[in-house]
Amino acid sequence: MTDSLHVVCPHCDGINRLPHHKLGTGGKCGKCHQPLFTGEPLELNRARFRRHLAKSDIPLLVDFWASWCGPCKMMAPVFTEAAGQLEPNLRLVKINSEQEHSLSGELGIRSIPTLILFEKGTESARMSGALDLQNLMAWVRQHIA
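The structure displayed is predicted, hence computed values, not measured ones. (Residues numbered from 1 in each chain as written. Predicted model: local features only at pLDDT ≥ 70, side-chain atom pairs only at ≥ 80, totals over all residues. Heavy atoms only, no water.)

(A) Representation of the packing of aromatic side chains. Inspection of the entire model under this criterion finds 1 aromatic pair. Aromatic side chains Phe 49 and Phe 118 sit 5.7 Å apart centroid to centroid with 65° between the ring planes, which places their arrangement in the edge-to-face category. Of this pair, Phe 49 sits in helix H1 (residues 46-55) while Phe 118 sits in strand S6 (residues 114-119), placing them 69 residues apart in sequence. For the residue pair Phe 49 and Phe 118, the accessibility class agrees, reading buried in each case. (Phe/Tyr/Trp six-rings, centres within 6.5 Å; stacked < 30°, edge-to-face > 60°. Helix = DSSP H or I, 4+ residues; strand = E, 2+ residues; numbered from the N terminus. Buried < 20%, exposed > 50% of the residue type's maximum accessible area, 1.4 Å probe, protein only.)

Structure, rendered in structure tokens:
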């Protein structure tokens, strides 16, 4: 294991090197000086998602959703609460499948909400359907390395 991690800034998408021992304290972006962790899910488009996926050493938990989806709306506050509990060890991301339909198609999203866990740029787990906080946290713990 290296002594530091690459973390993509949630504000400017700058790539930062963060020592492992400082992960718990968060840190600030060297480019925009904003906090590297906000405790909230990031809403990303395709380009920003690709950058976070390729350049960050932090695992990504991605929620594919749409504004018209009832279960997605029910799960939104759960996903936000989970972000506050799982950061900085995991970055939670939201992708609007309606706006990013080509990315959704590329990743084989067939129903929403769908959660995909990416580690080191590779999909490691997938689950479709809304979850409550307890089940979401259990699912993450089951699949995170």
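(B) Main features of the pattern of salt bridges. Taken as a whole and judged by the stated rule, the model has 6 salt bridges. The partner of Glu 87 in a salt bridge is Arg 91, and the shortest N-O contact between them spans 3.5 Å. Just as Glu 87 is buried, Arg 91 falls in that class too. The closest approach of N and O atoms between Glu 123 and Arg 126, which form a salt bridge, is 2.9 Å. Overall, the relative accessible area of 35% leaves Glu 123 in the partly exposed class. When salt bridges with common partners are traced through the structure, they connect Arg 46, Arg 50 and Glu 106 into a single cluster. (Salt bridge = Lys/Arg side-chain N within 4 Å of Asp/Glu carboxyl O.)

(C) Examining the sheet that holds strand S7 (residues 122-128) more closely. Strand order across the open sheet formed by 5 strands is S3-S5-S4-S6-S7, with mixed pairing between neighbours. The outermost strands of the open sheet, each flanked by one partner alone, are strand S3 (42-43) and S7. The sheet contact formed by S6 and S7 spans 6 bridges and is antiparallel. The residue of S7 that forms the bridge with Glu 119 is Thr 122. In the packing of H1 onto the sheet, contacts are made with S3, strand S4 (60-65), strand S5 (91-96) and S6, and the angle to S4 comes to roughly 160°. (Pairing = 2+ DSSP bridges. Contact = heavy atoms within 4.5 Å. Axes fitted to C-alpha atoms, helices over the stretch in contact; angles between N-to-C directions.)

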